[in-house]
Structure formats: structure tokens, C-alpha cells
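Structure assessment
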Amino acid sequence: QKAKNPLFLAGGGINISHANEIFKQVVEKTQVPVVTTIMGRGAISTEHPLFIGNIGMHGAYAANMAVNDCDLLFSIGTRFNDRITGKLHAFAPHAEIIHNDIDTASISRNIHVDVPIVADAKEAITKMSDYVEPCSTDKWLTQIQSWKAEHPLTMKKRQLMSPLDIINEINRQYDKAILVTDVGQHQMLVSQYAAITEKKKIIMSGGLGTMGYGLPAAIGARVGSERFHEGEKPVWLIDGDGSFQMTSEELAAAFHDHTPVKIALLNNSVYGMVRQWQTLFYGEHYSATNLMDGENTPEIVDVPDFVKLAEAYGCVGMRAFTEEEAVEAIKKANEINDRPVLIDFRVWKDAMVWPMVAAGDSNDNVTYMPGIKPLQRPKAAADNE
């Protein structure tokens with residue numbers, strides 16, 4: 001009630017404890033805005049007016065600014081890892097911090113907190129709902145909306161298809177689905193742009209960095225959704241060409257079990273996230289990141305040819321080079337329900353995940369494009385591409 005700029009930070013603990021509905025009730029009752037970690041995405045619908053975005057290294061500008069300027073940060077179910085906090089002493093510098101987590105060891109381990117609450121997220125939020133009252137947040141919400149308008153989350157349009165085109169099309173065609181990611185640029189892009197609602201869930205390995213996680217997780221998600229309470233939700237694995245090759249042989253398991261996972265392969269012919277760091281921080285000294293795939297020149301052969309690979313496992317393989325082809329391929333994939341479907345989407349290899357906070361820097365020091373000075377306070381007008 002005393003806070004002028006209160007903020008909820010929702011972590012994966014809300015999703016794990018199935019506290020989403022009671023959390024939404026508390027948010028709507030208090031009118032306090034919400035930022036999430038990538039594992040907390042979906043704690044409240046990404047379409048909810050009080051949802052700002054993800055925070056951290058690839059977080060939305062408005063979300064990171066909200067953490068920087070809040071005077072009360074109520075964190076639920078997150079460990080405050082370094083991809084979220086950036087420079088520790090610069091994280092939420094003006095805020096009193098309340099931290100609710102089920103793990104005692106996570107309290108004040110990385111970020112010193114003022115009020116610790118060791119409890120299951122759902123139990124804590126349920127109890128909280130008995131006490132909270134509406135807060136005066138109109139001025140604070142107006143400031144957040146101005147940050148959103150100043151630097152919206154978007155990708156620059158280019159001649160070649162971008163990952164955002166595919167994610168947007170999946171958003172458009174599916175109001176009910178389970179989205180699964182592997183590890184890399186595509187993971188961060190899905191965490192930024194995928195619409196996650198009460199009917200559309202997301203599964204990823206978070207900060208574990210387990211390349212190859214995606215396909216086995218997607219198979220498990222599909223089997224689980226069929227056998228338990230979810231019904232037959234379509235499962236889309238959004239993967240990169242590098243991480244997919246770590247466990248592509250699991251197509252055999254999916255085929256034999258008649259598991260109709262849909263695989264959107266964002267094929268940029270490189271290990272995208274490593275290449276992004278080599279571009280930004282290592283003077284474009286590229287080493288061991290070019291996969292020699294997707295470069296359609298006479299002297300280079302696709303290695304592997306993902307369409308043929310899918311077909312070799314008895315699955316359906318398709319390829320799309322344009323947005324129009326992508327729309328049709330996704331529609332066709334939705335009609336196939338007796339085996340996996342893989343779509344090889346050819347995307348621009350130098351597309352990057354923006355915005356970005358450099359490792360160890362503070363979250364209000366945001367870069368949008370190479371060569372553009374980071375957006376530091378006091379902020380000047382900047383190219384938001």
C-alpha cells in the first residue's frame with residue numbers, strides 16, 4: 001500500500017505449483033504489473049494488460065526498466081540467476097525486495113532480500129489473496145507503457161524470412177498448443193515472442209544449456225498431453241538446426257510411437273547464439289559456428305538435408321523459404337496426426353536476439369544493434385531496430 005512503483009517478478013515456481021489462476025486474481029485485485037523470468041513466462045497470460053515482458057539479458061526494455069525503477073519487488077519462485085540480474089549490485093537498486101521461494105537455500109543467495117517467505121508458491125499466493133487490496137498504480141502503469149512505446153520488442157524486416165515470421169504464424173494459427181524449445185537463439189526468441197496463455201503452454205530447459213533437450217521433451221509433452229488432463233493438444237517443437245542434431249535420432253522413437261510432434265526447424269546454418277557473441281564481443285572472429293547448411297551454392301551440399309533425414313525416419317519432411325510457404329507448411333503439418341512432421345524453415349543466418357544486456361552489465365544498459373551505443377540513463381533517442 002505504501003509503494004508507488006510496486007512490481008511482481010514471476011518465476012517458474014508459479015508454473016510448477018500451478019498457481020497461475022490465483023496469481024492472476026492477486027495481480028488483478030492489486031493492479032500491480034508483472035515481469036517474468038523465461039521459466040516464469042505464462043505465469044500470467046502474455047496477452048494480459050498488466051504483463052510487461054521478460055527481464056534479464058534478452059528481456060524487454062520496458063521490463064528491465066520497470067525492475068530498475070520499482071520501489072517494491074515481490075519475487076515469487078525464482079533463483080535470481082545471473083541471466084536475470086545482470087550486475088548484482090545494480091539489480092532493482094531502489095527496491096525493497098520480498099522473496100517467496102520453496103527452497104530456503106535460494107533466499108538471499110544471489111540477491112539480498114528484505115522479506116523472506118519460504119513456502120510453496122501456490123500456498124503463499126493463496127494466503128496473500130486474503131489480505132491484498134487495490135493499489136494506486138495508474139501513474140506507474142503509464143510510465144511502463146511509455147517505455148513500451150519508446151522501445152517496442154520487434155525484429156527488423158528483411159528480404160529473407162526471419163524467426164519471428166514463423167513464431168508469429170504459429171501464434172496466429174494456434175490458440176491451444178504446447179510449445180517446446182531447445183537451446184540457443186530460437187529459445188530466447190520464443191521466450192520473447194510466443195503468446196503463452198491459459199490454453200498455450202511453454203516447456204524449455206531454462207538456463208541449463210542442454211542442447212538436444214527439445215525433441216525428447218516434445219515427445220514427452222505430446223505423450224503426457226494425450227494420457228492426462230490436457231487432451232490432444234498439438235505440440236510444436238521450435239528448434240535450431242544445431243541443437244536439433246544433438247538428439248535427432250529420437251525421431252525413431254517418435255515414429256514408432258506414432259507421436260505426431262510438429263518440428264519447426266529455424267535453420268540459419270550456424271550455431272546462432274555463439275555466433276552472435278563472436279560478432280558482438282570477439283571482433284567477428286568466427287570459429288566452429290558455421291554448420292555449412294542452408295547455403296544454396298553449387299559447391300556446398302546441405303549437411304544434413306533435414307527433409308531427407310525426416311523421411312529416412314519415416315516422418316514427413318517439408319521445406320519453406322518464404323512467409324507464404326511457411327503459412328502453407330504449418331497448415332499442412334496440422335493435418336498430419338499419425339507421425340512427426342519436420343519443417344525446415346530457411347532463415348537469415350545473421351539475425352540476432354535483441355535487445356541484449358552484455359554479461360555482467362546492469363539491466364538498464366541495453367544494446368539494440370551492433371555499433372549503437374547502449375541505452376544508458378539519461379536516455380537519448382535511439383534507433384530501436
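Scope of this entry: the structure provided in the associated data block.

A tally of helices and strands in the protein chain yields 14 helices and 12 strands. Expected size for 385 residues packed as a compact globule is a radius of gyration near 21 Å; at 21 Å, the protein chain falls within 12% of this value. Taken across its 385 residues, the protein chain has 55% of its residues classed as buried. The contacts of the protein chain with a sequence gap of at least 6 include a subset with a gap of at least 24, amounting to 69%. Separation between the mean location of the 36 positive side-chain charges and that of the 48 negative ones in the protein chain comes to 3 Å.

Judged by which residues are buried, strand β8 (residues 200–203) turns out to be one-sided: K200 and I202 face inward and are buried, whereas K201 and I203, on the alternate face, are not. In this sheet, β8 lies alongside strand β7 (residues 177–181) in parallel orientation, the contact comprising four bridges. Looking across to β8, one finds that I178 is bridged to K201. Tracing the backbone out of β7, into helix α8 (residues 185–193) and back to the parallel element β8 gives a crossover that is right-handed.

Judged by pairing direction, the sheet is parallel, and its six strands sit side by side in the order β8-β7-β9-β10-β12-β11 without closing on themselves. Each of the sheet's edge strands pairs with one partner strand only, and the pair in question is β8 and β11 (316–320). Adjacent strand axes in the sheet meet at a mean angle of 20°, parallel and antiparallel pairs treated alike. In terms of strand pairing, strand β10 (residues 262–267) meets strand β12 (residues 341–346) through six bridges, oriented parallel.

Looking now at the nonpolar core. Ranked by internal contacts, the top residues of the largest apolar core, which has 36 residues, are I166, I170, W236, I343 and F345. Among the elements of the structure, α7 (163–173), β7, α8, β9 (235–240), β10, β11, α14 (323–334) and β12 are those that each provide at least two residues to this core. Residue contacts for I166: discarding those within four places in its chain leaves M161, A264, L266, I330, F345 and V347. Judged by nonpolar contacts, the second largest core, of 28 residues, contains A63, I111, W140 and I144.

This part covers the packing of α7 against α8. Here α7 crosses α8 at 45°, and the two axes come no closer than 10 Å. With respect to α8, the axis of α7 lies oblique. Here α7 runs over α8; the crossing is right-handed. Residues P163, L164, I167 and N171 of α7 form the contact with α8, whose own contacting residues are L189, V190 and Y193. Considered class by class, the residues forming the contact of α7 with α8 number six nonpolar, one polar and no charged.

Here we take up the environment of W348. Note on placement: W348 falls in the segment after β12. Residue W348 is classed as partly exposed on the basis of its relative accessible area of 27%. Sequence separation of W348 and G40 is 308 residues, and the distance between their C-alpha atoms is 29 Å. Those residues within four positions of W348 in sequence are excluded, and the remaining contacts are R158, L160, M161 and N268.

Cut-offs applied
- Residues numbered from 1 in each chain as written.
- Predicted model: local features only at pLDDT ≥ 70, side-chain atom pairs only at ≥ 80, totals over all residues.
- Heavy atoms only, no water.
- Helix = DSSP H or I, 4+ residues; strand = E, 2+ residues; numbered from the N terminus.
- Rg over C-alpha atoms; globule rule 2.2 N^0.38 Å.
- Buried < 20%, exposed > 50% of the residue type's maximum accessible area, 1.4 Å probe, protein only.
- Contact = heavy atoms within 4.5 Å.
- Lys, Arg positive; Asp, Glu negative; His and termini not counted.
- Charge placed at Lys NZ, Arg CZ, Asp CG, Glu CD.
- Pairing = 2+ DSSP bridges.
- Right-handed = clockwise from strand over helix to strand, strands pointing away.
- Axes fitted to C-alpha atoms, helices over the stretch in contact; angles between N-to-C directions.
- Core = buried A, V, L, I, M, F, W, Y, C linked by side-chain atoms within 4.5 Å.
- Parallel < 35°, antiparallel > 145°, perpendicular 65-115°, else oblique.
- Left-handed = near helix turned anticlockwise from the far one by under 90°.
- Nonpolar A, V, L, I, M, F, W, Y, C, P; charged D, E, K, R; others polar.

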